[in-house]
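# Examining the three-dimensional arrangement
Here is what each chain is made of, one letter per residue.
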Amino acid sequence: MADFQYKEIDPYTIGRKQFDFLRSSVITASLSTSYSQCIEFVRAWFYDKFEPGFFEYEYIDGTNVLNEVLKPKDVILVHRKPNTASIVITPTIDEEFSNENRDLEMEGTNLFIRRTMNTTPFFRDYKHNRCITLETRLLSMAFNFKIKVNTRAQQLDLFEYMRKAFRIGFTESYYVDEDFVLPRRLMLCIAEDAGFNIKSDTVVDNFRFIRYLNKHSMVSILYKHRSTTNNKAYYARFPESYVHFSMNNLSKDDGERNGHINSEFGIEMNIEVKWPAPAWFAYHTNNKDFNLPRFVPADSIKDPEFMFTVDTFEWTSIPDTNEKGWLLYVKDERGYYEENTKEPLKIEFEEYFEGELLNLIKAHMSRYISPCLFMDVAIFNNGKRLPGHMVWENLTWTSFEPPEDGYSSIVLYMDMDYVNNQRIFDFDLYGLNNRIGNEKLR
């Protein structure tokens, strides 16, 4: 039997890509595009339950500015053909919906941009350290359908059909392939940073640029016509987006009295739709010579959705270990802000230390042992560690020099060998044979 020849396999590190230096810029996504996409999908979903041509007249509130000339009442009170109907669809965004507080924006733009790299990028050019991250949000939209028919018989039959066809009182779910519009300014940033020639806000060799995008993208990047702006736009196609329908109620009226005769009999249905939508895009690059836009005003013609860059931030990856080899124990993702950058930075850590950490510090201080024996407090500012010292008596850290930037990242490194031995010693007070100890009443 011939001997098998094994090739040496290149080492591969499992984990998220780490960058030495990154500059980031955040661009808000188009809410109006997601709004119109949801209307388009719901309209197709609704009309799929009826034969083509059943609705002779239609009015959808807010879909087109030209439709505002035609009032909903004008649509309903038109003279219809027999066995046809007219319909008014009114969509409304629930602005108070936060998806159980998952979509709340509490930190503001300056802190918000600092967590953009916590999201896995869908565009990853690791060779040149360029990537795009995306965070989605869930839109809650209510739809009101008002239908008018000529006779009560039509109303009763249509009401019974809709009650069964739309499963009133129940829910439905769908998986759809959704195209997210990529902001034009974001794509121009990528093209310029990647060395593509740009003329009149258009990539000259667009075919090669599309190939470059799809080569490094986890989803398909498309370039097609955009009807709202009547020009070409870039899209990212995200497969199997989850859409949820709730059919709330269905009702009918007694028609409108005209002399001794009732006519214009109505049916009204209300549903609620949960629609996935992009919240923001973030572009990251380590090109120090590339000028990221900090704020760009909206263009009502090319960018009617008012997309703009909210902030730019330069930062480095915080190392997983310090110079002593101690592990990163805690990293404050919120950051610490100090408006005055002319004086040394002073941070009070009383609110950061609690529970086990605070007890460990107090135990060593009572024995006149400095906690720096096992704990290293590190402050990173403007991409590098800021030198300073900690006064353990009052848990106050002070820098030796003023910070370069107003925002700082707080990191704790711990000697886990020493700390875990201290934990075992503390638990040994209850006996090693016990499986439960150190219980406390909250």
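Described in the following lines is the structure provided in the data block. (Residues numbered from 1 in each chain as written. Predicted model: local features only at pLDDT ≥ 70, side-chain atom pairs only at ≥ 80, totals over all residues. Heavy atoms only, no water.)

## Points about the overall build of the protein
- Counting its secondary structure elements, the protein contains eight helices and 21 strands.
- In the protein, the proportion of contacts linking residues at least 24 apart, taken out of those at least 6 apart, comes to 74%.
- When the accessible surface of the protein is totalled, it reaches about 26500 Å², and 51% of it is carbon and sulfur. (Helix = DSSP H or I, 4+ residues; strand = E, 2+ residues; numbered from the N terminus. Contact = heavy atoms within 4.5 Å. Areas by Shrake-Rupley, 256 points an atom, 1.4 Å probe, with all protein chains shown as cover.)

## Let's talk about the pairing of strand β20 (residues 396-399)
- Across three bridges, strand β16 (residues 346-348) lies against β20 in antiparallel orientation. Of the residues in β20, the one forming a bridge with Glu348 is Thr396.
- In this structure, strand β19 (residues 388-391) lies alongside β20, joined through four bridges in antiparallel fashion. Across the sheet, the residue bridging to His389 is Thr398, located in β20.
- Joining the antiparallel neighbours β19 and β20 is a turn of four residues, in which Leu395 adopts a positive phi near 55°. (Pairing = 2+ DSSP bridges.)

## Re the pattern of salt bridges
- Under the defined criterion, the tally for this structure stands at 16 salt bridges.
- Glu256 serves as the salt-bridge partner of Lys148, at 3.5 Å between the closest nitrogen and oxygen. Of the two residues, Lys148 is situated in strand β5 (residues 130-149) and Glu256 in strand β11 (residues 256-258); the sequence distance between them amounts to 108 residues.
- According to the relative accessible area criterion, Lys148 is buried, its value standing at 10%. (Salt bridge = Lys/Arg side-chain N within 4 Å of Asp/Glu carboxyl O. Buried < 20%, exposed > 50% of the residue type's maximum accessible area, 1.4 Å probe, protein only.)

## Looking at empty space enclosed by the protein
- What the rule picks out here adds up to one cavity of 30 Å³ or more.
- Its volume calculated, the largest cavity comes out at about 40 Å³.
- For the lining of the largest cavity, the secondary structure elements donating two or more residues are α1 (31-47) and β6 (171-182). (1 Å grid on protein atoms, 1.4 Å probe; cavity = no way out; pocket = protein on both sides within 12 Å on 5 of 7 lines; lining within 4 Å. Points joined across faces, edges and corners; volume = space filled by probe spheres on them.)

## A look at the nonpolar core
- Residues Val42, Phe46, Phe143, Phe145, Ile147, Met162 and Ile271 are the most contacted members of the largest nonpolar core, which totals 35 residues.
- Those elements that provide at least two residues to this core are α1, β2 (55-60), β3 (85-93), β5, α4 (152-165), β10 (231-252) and β13 (265-285).
- For this core, the element with the highest residue contribution is β13, accounting for seven residues.
- When near neighbours in sequence (up to four residues on either side) are disregarded, Met162 contacts Phe46, Phe50, Ile147, Arg167, Ile168, Leu250, Ile267 and Met269.
- With 27 residues, the next largest nonpolar core counts Phe180, Leu186, Met187 and Tyr234 among its residues. (Core = buried A, V, L, I, M, F, W, Y, C linked by side-chain atoms within 4.5 Å.)

## Overview of the side chain of Gln154
- Relative to the helices and strands, Gln154 is located in helix α4.
- Setting aside residues no more than four positions away along its own chain, Gln154 makes contact with Asn83, Thr84 and Val149.

## Comments concerning the packing of helix α5 (residues 184-193) against helix α6 (residues 206-215)
- At a minimum axis separation of 11 Å, α5 and α6 run at an interaxial angle of 95°. Between α5 and α6, the crossing angle belongs to the class labelled roughly perpendicular. Contacts between α5 and α6 involve Met187, Ile190 and Ala191 from the former and Phe209, Tyr212 and Leu213 from the latter.
- Split into classes, the residues belonging to the contact of α5 with α6 amount to six nonpolar, no polar and no charged. (Axes fitted to C-alpha atoms, helices over the stretch in contact; angles between N-to-C directions. Parallel < 35°, antiparallel > 145°, perpendicular 65-115°, else oblique. Nonpolar A, V, L, I, M, F, W, Y, C, P; charged D, E, K, R; others polar.)

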